[in-house]
Amino acid sequence: MSSRVEVGYAAALEKYAPREAVDLAAMAEQHGFVGTLATDHFQPWLPSQGQSPFVWSVLAALGERTSTNFGPGMAVPGYRYHPATLAQAAATLASMYEGRHWVGIGPGEALNEHVTASYWPEAPDRLNSMFEAIDLIKKLFRGSIAGRDTRFTGTYHRMESARLWTMPAVAPPVLVATGGPVTARRAGKVADGIVTVGTSYDRAATLLERFDRGVDEADRDPGTMLRVLHLNLSWAPSDEQAMANAIEQWPLGAMRFPKGDIRSPQVFEQIARQVGPDGFDDRMLISSDLDAHRRRIQQFADIGFDRIYLHNVGREQRDFIETFGRCVLPAVR
């Protein structure tokens, strides 16, 4: 772990129009945030959130408006994107913004991916498909850097002989987005890092331990891996407002069940009506206390995360960015 963790901004594209999201990310960088994680959605979680722009267009704008790292928290190969198309998108951004772009890849949710899938597979198949896609993407990256074509025939994905004609000298890091310890260990053997979201401290520590075990088992260099956390929080000037924001804007934080098979924002909306103040656990801190938020961020930094992207669930993002930039980020080590 570096002596100082990088604390970045999480742009929730399901809640903000693309231009506003880019403006907020640029403002966050001006106030000391380092890097932007952008969410990749076809639909918002809730109808009231009201947005879902195409993340790759937003990422290009982020590249122009900011100067630090950026990437999608979880792009999903195999449904909306063929793995080769996803690889081309990432390679193009990495060519335009050298050393800044990374790509997080996950197994996906039906909410976003079922729009093009004739059949939504069970969770084990989604995981196996994801890892096979990562194999394809990394082979395509290596072949393209070497100037040769790559062909791929797998159980879930196929690619005829092809190369990426726009390819940086160094491929962008490919990170696995997961909240499961078995998947984290498997990711350590093949990926360039891990992204985890909305998790408790104990769970996060387990995920990093399993990821590092996979890295060790594959005899890979742990110093080259990225350990990334997408941290949901609810901060407002009062505890009452922070709780109201959590309930109204991010009831998902109180939904303790797997969400991968739910297809509709309207279904999430119905479930959200059951969420109250007692539904949230230690996966999300809800508080007006800035020092409490600093301590929580520091806890995650201390167990080994290199980058922590903050998503404040309330709508008042500018107040959050200014306040955390002034009072919280400078104290995180």
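Here, every reference points to the structure presented above.
Quick caveat: nothing in here was measured; it's all calculated off a predicted structure.

Participant: What should I look at first to understand the pairing of strand β8 (residues 193-197) in this one?
Facilitator: The side chains of a regular strand alternate between both faces of the sheet. Counting buried residues in β8 gives four out of five residues, a clear majority hidden from the surface. Pairing of strand β7 (residues 174-177) with β8, which is carried by three bridges, proceeds in the parallel orientation. In the strand pairing of β8, A177 is matched with V195. The parallel pair β7 and β8, bridged by helix α6 (residues 181-190), forms a crossover whose chirality is right-handed. Where β8 meets strand β9 (residues 226-234), five bridges bridge the pair, whose relative direction is parallel.

Participant: Looking at this structure, I do not really get the side chain of E14. What am I missing?
Facilitator: Mapping E14 onto the fold places it in the loop between β1 (6-11) and α1 (18-30). With no salt bridge to any partner, buried E14 finds its closest opposite charge in K15, at an N-O distance of 6.9 Å. Contact partners of E14, with chain neighbours within four places excluded, come to T39, H41, P44, W45, Q49, G50, Q51, S52 and W250.

Participant: It is not clear to me how unusual backbone geometry should be interpreted in this structure. Could you clarify?
Facilitator: Residues apart from glycine generally show negative phi values, whereas peptide bonds are mostly found in trans. Positive phi outside glycine occurs at D219, with the angle close to 55 degrees. Relative to the helices and strands, D219 resides in the loop between α7 (201-217) and β9.

Participant: Explain the nonpolar core here, please?
Facilitator: Considering soluble globular proteins, one finds that nonpolar side chains tend to be buried as a cluster. Of all hydrophobic cores here, the largest spans 71 residues; its most connected members are W56, I308, L310 and F324. Looking at which element gives the most residues to this core, the answer is helix α5 (residues 123-145), with seven residues. Residues contacting I308, with those up to four places away along its chain left out, are V5, E6, V7, G8, L229, L231, I297, F300 and A301. Listed in part, the 18 residues of the second largest apolar core include L46, L111, A236 and A272.

Participant: Sorry if this is basic, but what is going on with helix α8 (residues 239-249) here?
Facilitator: In an α-helix, one turn spans 3.6 residues; hence positions three or four apart end up facing the same way. Of the positions making up α8, those classed as buried are A242, N245, A246 and Q249. Projection of α8 onto a plane perpendicular to its axis shows the buried side chains occupying an angular sector of 105 degrees, all on one side. Opposite the packed face of α8, turned more than 90 degrees from it, sit the exposed residues E240 and E248. Buried-residue contacts for α8 involve β9 and β10 (285-286).

Participant: What am I meant to see in the pattern of salt bridges here?
Facilitator: Side chains that differ in charge, positive against negative, can pair when their charged atoms come close. For the structure on display, the rule yields 18 salt bridges. With a closest N to O distance of 3.9 Å, R220 and D192 form a salt bridge. Highlighted residues: R220 in the loop between α7 and β9 and D192 in the loop between α6 and β8, separated in sequence by 28 residues. Look at R220 and you get partly exposed, because its relative accessible area is 21%. Here R295 and D291 are joined by a salt bridge, their closest N and O atoms 2.6 Å apart. Note that R295 and D291 are positioned in helix α10 (residues 290-302) at a spacing of four residues, about one turn of the helix. One salt-bridge network, in which partners are shared between bridges, spans D40, R80 and E113.

Participant: Please clarify how α1 should be interpreted in this entry.
Facilitator: For α1, which comprises 13 residues, the first-to-last C-alpha distance of 19 Å matches the rise-based estimate of 18 Å (1.5 Å per residue) to within 8%. All of the buried residues along α1 are A21, V22, L24, A25, A26, M27 and A28. Those residues of α1 that are buried lie in contact with β1, β2 (36-38), α2 (55-65) and α11 (317-327). Positive phi shows up at G32, right after α1, with a value of about 105 degrees.

Participant: For this particular structure, what's the right way to read the packing of α6 against α7?
Facilitator: At a closest axis distance of 6 Å, the pairing of α6 and α7 adopts a crossing angle of 35 degrees. Judged by the sense of rotation from one axis to the other, the crossing of α6 with α7 is right-handed. Residues P181, A184, R185, A187, G188 and K189 of α6 pack against R203, T206, L207, R210, F211, R213, G214, V215 and E217 of α7. When its residues are assigned to classes, the contact of α6 with α7 shows six nonpolar, three polar and six charged.

Participant: Whenever I open this one, the packing of α5 against α6 confuses me. Can you help?
Facilitator: Packed helices, taken two at a time, are described by the angle between their axes plus the distance between the axes. One can describe the packing of α5 onto α6 by two numbers: an axis separation of 12 Å at closest approach and a directional angle of 10 degrees. By the angle between their directions, the pair α5 and α6 is classed as roughly parallel. Handedness of the crossing formed by α5 with α6: right-handed. Of α6, the residues touching α5 (which contributes L127, N128, M130, F131 and K138) are T183, R186, A187 and V190. When the residues that make up the contact of α5 with α6 are grouped by side-chain class, the tally is five nonpolar, two polar and two charged.

Participant: Which parts of the structure should I look at to understand the packing of aromatic side chains?
Facilitator: A full pass over the atoms with the stated rule returns 12 aromatic pairs. Summarising the aromatic geometry, the rings of W56 and Y81 are spaced 6.4 Å apart at their centres and angled 80 degrees between planes, so their arrangement reads as edge-to-face. Here the residue W56 occupies a position in helix α2, and Y81 occupies one in the loop between β3 (70-72) and α3 (83-96), the gap between them amounting to 25 residues. Neither residue differs from the other here; W56 and Y81 are each classed as buried. Centroid distance F300 to F305: 6.2 Å. Interplanar angle 65 degrees. Geometry classified as edge-to-face. Grouping residues by exposure puts F300 and F305 together as buried. Through pairs of rings, three or more aromatic residues link up here, namely Y9, F33, W235, F320 and F324. Across from the ring centre of F257, 5.6 Å away, lies the NZ or CZ of K259, which sits over that ring. Sitting over the ring of Y16, R315 keeps its end group 5.7 Å from the ring centre.

About the criteria used
Residues numbered from 1 in each chain as written. Predicted model: local features only at pLDDT ≥ 70, side-chain atom pairs only at ≥ 80, totals over all residues. Heavy atoms only, no water. Buried < 20%, exposed > 50% of the residue type's maximum accessible area, 1.4 Å probe, protein only. Helix = DSSP H or I, 4+ residues; strand = E, 2+ residues; numbered from the N terminus. Pairing = 2+ DSSP bridges. Right-handed = clockwise from strand over helix to strand, strands pointing away. Lys, Arg positive; Asp, Glu negative; His and termini not counted. Salt bridge = Lys/Arg side-chain N within 4 Å of Asp/Glu carboxyl O. Contact = heavy atoms within 4.5 Å. Core = buried A, V, L, I, M, F, W, Y, C linked by side-chain atoms within 4.5 Å. Arc of directions from axis to C-beta. Expected span 1.5 Å × (residues − 1). Axes fitted to C-alpha atoms, helices over the stretch in contact; angles between N-to-C directions. Left-handed = near helix turned anticlockwise from the far one by under 90°. Nonpolar A, V, L, I, M, F, W, Y, C, P; charged D, E, K, R; others polar. Parallel < 35°, antiparallel > 145°, perpendicular 65-115°, else oblique. Phe/Tyr/Trp six-rings, centres within 6.5 Å; stacked < 30°, edge-to-face > 60°. Lys NZ or Arg CZ within 6 Å of the ring centre and 35° of its normal.

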